[in-house]
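Commentary on secondary and tertiary structure
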Amino acid sequence: MCNNIDKHIPKVGIITEIFEETSDVKTFRVVDEKGNKAFDHMPGQCAMLSIPGVGEAMFSISSSPTNTKFMDFSIKRVGVLTEYLHKLEPGDQITIRGPYGNAFPVDTALKGQNILFVGGGIALAPLRSVIKYVFDKRADYGYVDILYGARTADALVYRKEIEKSWVNVPNTNVYLTIDQPDDTWDGHIGYVPDYFKKIGFSTDKMVVVCGPPIMIKFVLAILLDMGFKKEQIYTTLELRMKCGIGKCGRCNIGPKYVCIDGPVFRVDELDHIPDEF
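Below or above, wherever it landed, is the structure these notes cover. (Residues numbered from 1 in each chain as written. Predicted model: local features only at pLDDT ≥ 70, side-chain atom pairs only at ≥ 80, totals over all residues. Heavy atoms only, no water.)

Let's talk about the overall build of the protein
When helices and strands are tallied, the protein shows six helices and 15 strands. Counting all 277 residues of the protein, 51% fall into the buried class. For the protein, the share of sequence-separated contacts (at least 6 apart) that also reach a separation of at least 24 residues comes to 69%. Counting every atom, the protein has about 13000 Å² of accessible surface; 48% of that belongs to carbon and sulfur. (Helix = DSSP H or I, 4+ residues; strand = E, 2+ residues; numbered from the N terminus. Buried < 20%, exposed > 50% of the residue type's maximum accessible area, 1.4 Å probe, protein only. Contact = heavy atoms within 4.5 Å. Areas by Shrake-Rupley, 256 points an atom, 1.4 Å probe, with all protein chains shown as cover.)

Notes on the pattern of salt bridges
For the structure shown, the criterion picks out 10 salt bridges. Salt-bridge contacts for arginine 97 lead to glutamate 56; the nearest nitrogen and oxygen are separated by 3.2 Å. Pair noted here: arginine 97 is in strand β6 (residues 93-100) and glutamate 56 is in strand β4 (residues 55-60), with a separation of 41 residues, a long-range link. A salt bridge links lysine 205 to aspartate 204, with the nearest nitrogen and oxygen atoms 3.1 Å apart. Residue lysine 205 is classed as buried on the basis of its relative accessible area, which comes to 6%. Looking at aspartate 204, the relative accessible area reads 46%, which means it is partly exposed. Taken together, the shared-partner salt bridges connect Glu17, Arg29, Asp72, Arg128, Lys132 and Glu161 into one network. (Salt bridge = Lys/Arg side-chain N within 4 Å of Asp/Glu carboxyl O.)

Quick notes on the sheet that holds strand β3 (residues 46-51)
Read across the sheet, six strands follow the order β4-β3-β6-β1-β2-β5 without closing on themselves; strand pairing throughout is antiparallel. The sheet is open, and its two borders are formed by β4 and β5 (71-76), each paired with just one other strand. Here the average twist between neighbouring strands, direction ignored, is 40°. (Pairing = 2+ DSSP bridges. Axes fitted to C-alpha atoms, helices over the stretch in contact; angles between N-to-C directions.)

Considerations on a nonpolar patch on the surface
A contiguous nonpolar patch, built from Val54, Val80 and Tyr84 and spanning about 270 Å² of accessible area, is present on the exposed surface. Locating tyrosine 84 in the fold gives a position in helix α1 (residues 80-85). (Patch = residues over 30% accessible without salt bridge, like charges linked within 9 Å, V, L, I, M, F, W, Y side chains within 5 Å.)

Description of the nonpolar core
Counting residues in hydrophobic clusters, the biggest one holds 35 residues, and the most contacted among them are Phe104, Leu110, Phe117, Leu124, Ile131 and Tyr148. When residues of this core are traced back to their parent elements, those giving at least two are β7 (115-120), α2 (124-136), β8 (144-150), β9 (172-178) and β11 (206-210). A per-element tally of this core places α2 first, with eight residues. (Core = buried A, V, L, I, M, F, W, Y, C linked by side-chain atoms within 4.5 Å.)

Remarks on α2
A rise of 1.5 Å per residue sets the reference length of α2, with its 13 residues, at 18 Å; its end C-alpha atoms lie 18 Å apart and thus fit the reference within 8%. Counting buried positions along α2 yields 11 of 13 residues, so the element is predominantly enclosed. Three or more residues of α2 are buried, namely Leu124, Ala125, Pro126, Leu127, Arg128, Ser129, Val130, Ile131, Tyr133, Val134 and Phe135. (Expected span 1.5 Å × (residues − 1).)

Describing the environment of leucine 88
Relative to the helices and strands, leucine 88 resides in the loop between α1 and β6. Taking C-alpha positions, leucine 88 is 9.5 Å from phenylalanine 28, a pair spaced 60 residues apart along the chain.

A closer look at the packing of helix α4 (residues 192-199) against helix α5 (residues 213-226)
Packing of α4 against α5 brings their axes to within 9 Å, and their N-to-C directions diverge by 20°. As judged from the angle between their axes, α4 and α5 are roughly parallel. In the packing of α4 onto α5, the handedness of the crossing is right-handed. Contacts between α4 and α5 involve Val192, Pro193, Phe196 and Lys197 from the former and Met215, Phe218, Val219, Ile222, Leu223 and Met226 from the latter. Here the residues of the contact of α4 with α5 are counted per class, giving nine nonpolar, no polar and one charged. (Parallel < 35°, antiparallel > 145°, perpendicular 65-115°, else oblique. Left-handed = near helix turned anticlockwise from the far one by under 90°. Nonpolar A, V, L, I, M, F, W, Y, C, P; charged D, E, K, R; others polar.)

A few points about the pairing of strand β12 (residues 233-236)
Here β12 shows two buried faces, one formed by Ile233 and Thr235 and the other by Tyr234 and Thr236. Traced from β11 through α5 to β12, the parallel crossover comes out right-handed. (Right-handed = clockwise from strand over helix to strand, strands pointing away.)

Brief notes about the environment of valine 12
Relative to the elements of secondary structure, valine 12 occurs in strand β1 (residues 11-20). Note: C-alpha distance between valine 12 and valine 30 (18 residues apart in sequence) is 9.7 Å. Setting aside residues up to four positions removed in sequence, valine 12 forms contacts with Val31, Asp32, Glu33, Gln93, Ile94 and Ile96.

What about the pairing of β4?
Each regular strand displays side chains that alternate between the two surfaces of the sheet. Across six bridges, β3 lies against β4 in antiparallel orientation. Across the sheet, alanine 47 pairs through a bridge with phenylalanine 59, a residue of β4. Connecting the antiparallel pair β3 and β4 is a turn made up of three residues, with glycine 53 showing a positive phi of about 90°.

Function cannot be read off these values alone, since they describe shape.
Structure representation (structure tokens):
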């Protein structure tokens, strides 16, 4: 890991490959000027990407730490900076610094456990890092269930990777659902919380949840109603991170600063913060 000084100093990042995941999501593969991974990270941590003169923002690192050659960032086009990023091509440069925030406890609380991943939309990006870490160290974990949903079939991020790779990993079940069907979709139709209740998962597992706030709210309520304990559930609030160092105050919720205390939280740690998250 880099030290605290190094992670605040921008490095030149070179985009080597770009993968079009959906109509508004692209995955950018980035290395440093020497062709190496810019810095080490753990699943759930973020990096600050910047285009000088355009802007900067915090993004989840969507590749696993087990990959030592590059980092992936899956970015949805939603504003000025992301619009600019989506116009870049392989060989173009950005700046990158990090890692920021804490990580999912893959080597402690999650290790040796059955794990249920629940994701919605672009929020599968931070989960991908954890999922691929678990897959690369498969013998260290129990059964894995992945429940992922999006508004439409075309909005399912990593769909090719899921259908060609994830579904074939031993002791792994993948459940996909979409809100709005079309003629090409023959899978489940419905919201993630509704599908969650229909499947009826057992409580002998740890849970990692990431998605739109309203999805997280309903999924957490269902989990607790099913008998899961808050100590079994982790989520990430990385969308609230701005400066990454606790100075701007924009990620403050109650007594917590997401960039310092998070972005990964065990759900019982959120008991004393406002419901706005």
